[in-house]
There are 2 protein chains.
Amino acid sequence: MSDILSRDEIDDALGKLEGWHHFPDEPSIKKSFEFKSFVRAFGFMSQVALLAEKQNHHPDWSNSYNKLQISLSSHDVNAITTRDIRLATSIEKLPR
Amino acid sequence: MSDILSRDEIDDALGKLEGWHHFPDEPSIKKSFEFKSFVRAFGFMSQVALLAEKQNHHPDWSNSYNKLQISLSSHDVNAITTRDIRLATSIEKLPR
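Residues numbered from 1 in each chain as written. Chains lettered and ligands numbered in written order. Predicted model: local features only at pLDDT ≥ 70, side-chain atom pairs only at ≥ 80, totals over all residues. Heavy atoms only, no water.

> Please provide a residue-by-residue account of the interface of chain B and chain A, values included.
Each side of the interface is counted separately: chain B has 15 residues, and chain A has 15 residues. Note on chain B versus chain A: buried area summed over both sides is about 1,300 Å², and carbon and sulfur give 65% of it. Considering only the surface of chain B that becomes buried against chain A, F38, F42 and W61 of chain B emerge as the three largest contributors, covering 38% of it. At the boundary of chain B and chain A, one finds zero salt bridges. Residue assignment for the side of chain B that touches chain A shows that the elements contributing at least two residues are α2 (38-55) and β3 (60-64) of chain B. Broken down by element, the residue count for the side of chain B that touches chain A peaks at seven residues, all from α2 of chain B. Taken together, the residues that form the side of chain B that touches chain A break down as eight nonpolar, five polar and two charged. Bridge count for strand β3 (residues 60-64) of chain A against β3 of chain B is five bridges, and the pairing is antiparallel. For D60 of chain A, the partnering residue across the bridge sits in β3 of chain B and is S64 of chain B. (Contact = heavy atoms within 4.5 Å. Buried area = accessible area lost by both parts, 1.4 Å probe. Salt bridge = Lys/Arg side-chain N within 4 Å of Asp/Glu carboxyl O. Helix = DSSP H or I, 4+ residues; strand = E, 2+ residues; numbered from the N terminus. Nonpolar A, V, L, I, M, F, W, Y, C, P; charged D, E, K, R; others polar. Pairing = 2+ DSSP bridges.)

In structure tokens:
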């Protein structure tokens, strides 16, 4: 796959996003979110789910009441790719 | 809280449900689900979210594509209560 990103490319991309961190050993990029309520958290998750399905690239995520952690990775190539950055960028554009 | 369940009561209750396991050390009751697709998994999660909000008792859960793990616990009393069993029972009645 030609869309695998180097560490520098990942750092550059995450520099334009807020709150996303790179975990090279997994590999993944992650962000933790906190909302006012479960309804707000799950409403946000529903929007992310639609983005993910549209982009055919899906998060690993966990939710506990008003907290949400999203982890993105391109499991097929065990790397961070443009698909992860595209989904993270789309998530950042969602209304909170 | 008078709704805390004993280990025997939890075992009895889980005996009537399928695939739920008790983790006394956490404490939690958990079930792993597998669906045909992300759309099916998230559709199921949406139904669980509505049940959870209605019962004012919310899961700790994680999803990765077609896989879902639901963990229930009554964090306010650090125990398994009738609220956990009620939500698990409602989840079991959902269409898959």
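There's plenty left to go through after this.
> Please give an account of the nonpolar core that cites residues and values.
Formed by 52 residues in total, the largest nonpolar core has its most connected members in W20 and I70 of chain A together with W20 and I70 of chain B. With near-sequence residues (within four places) excluded, W20 of chain A lies in contact with L14, I29, K30, K31, F33, I70, L72, A88, I91 and E92 of chain A. (Core = buried A, V, L, I, M, F, W, Y, C linked by side-chain atoms within 4.5 Å. Buried < 20%, exposed > 50% of the residue type's maximum accessible area, 1.4 Å probe, protein only.)

> Which residues make up the sheet that holds β3 of chain A, and what values go with them?
Strands sit in the order β1(A)-β2(A)-β4(A)-β3(A)-β3(B)-β4(B)-β2(B)-β1(B) across an open sheet of eight strands; the sheet is antiparallel. The open sheet has two edge strands with one neighbour each: β1 (21-23) of chain A together with β1 (21-23) of chain B. Ignoring which end each strand starts from, the neighbouring axes of this sheet average 20° apart. Set on the sheet, helix α2 (residues 38-55) of chain A makes contact with β2 (28-34), β3 and β4 (67-72) of chain A together with β3 of chain B; between it and β3 of chain A the angle comes to about 165°. (Axes fitted to C-alpha atoms, helices over the stretch in contact; angles between N-to-C directions.)

> How would you explain the packing of aromatic side chains if you had to name every residue and give the values?
Applying the stated rule across the entire model yields 13 aromatic pairs over all chains. Members of the aromatic cluster, each reached through a chain of ring pairs, are F38, F42 and W61 of chain A together with F38, F42 and W61 of chain B. Of note, K30 of chain A hangs over the ring of F23 of chain A, and the distance from its end group to the ring centre comes to 5.0 Å. Positioned above the aromatic ring of F44 of chain B, the side-chain terminus of R96 of chain B is 5.5 Å from the ring centre. (Phe/Tyr/Trp six-rings, centres within 6.5 Å; stacked < 30°, edge-to-face > 60°. Lys NZ or Arg CZ within 6 Å of the ring centre and 35° of its normal.)

> An account of the pairing of β2 of chain A is needed here, citing residue identities and associated values.
All names here are of chain A. Of all seven residues in β2, five are buried; the element is thus mostly enclosed. In terms of strand pairing, β1 meets β2 through three bridges, oriented antiparallel. Each residue of the ladder has a partner; that of F23, found in β2, is S28. Counting the residues between successive antiparallel strands, the hairpin from β1 to β2 contains four residues. Strand direction decides the pairing type here: β2 and β4, joined by six bridges, are antiparallel. Bridging across to β4, K31 finds its partner in I70.

> Any chance you could break down a negative patch on the surface for me, citing the residues and the numbers?
Residues and elements named next belong to chain A. A cluster of acidic side chains, namely D8, E9, D11 and D12, defines a negative patch on the protein surface. In this fold, D11 is placed in helix α1 (residues 7-15). Relative accessible area serves as the criterion here: at 41%, D11 is assigned to the partly exposed category. (Patch = residues over 30% accessible without salt bridge, like charges linked within 9 Å, V, L, I, M, F, W, Y side chains within 5 Å. Areas by Shrake-Rupley, 256 points an atom, 1.4 Å probe, with all protein chains shown as cover. Lys, Arg positive; Asp, Glu negative; His and termini not counted. Charge placed at Lys NZ, Arg CZ, Asp CG, Glu CD.)

> Give a detailed account of the environment of K54 of chain A, specifying residues and quantitative values.
With respect to the element layout, K54 of chain A can be found in helix α2. Of the residues examined, K54 of chain A reaches a relative accessible area of 75% and is grouped as exposed.

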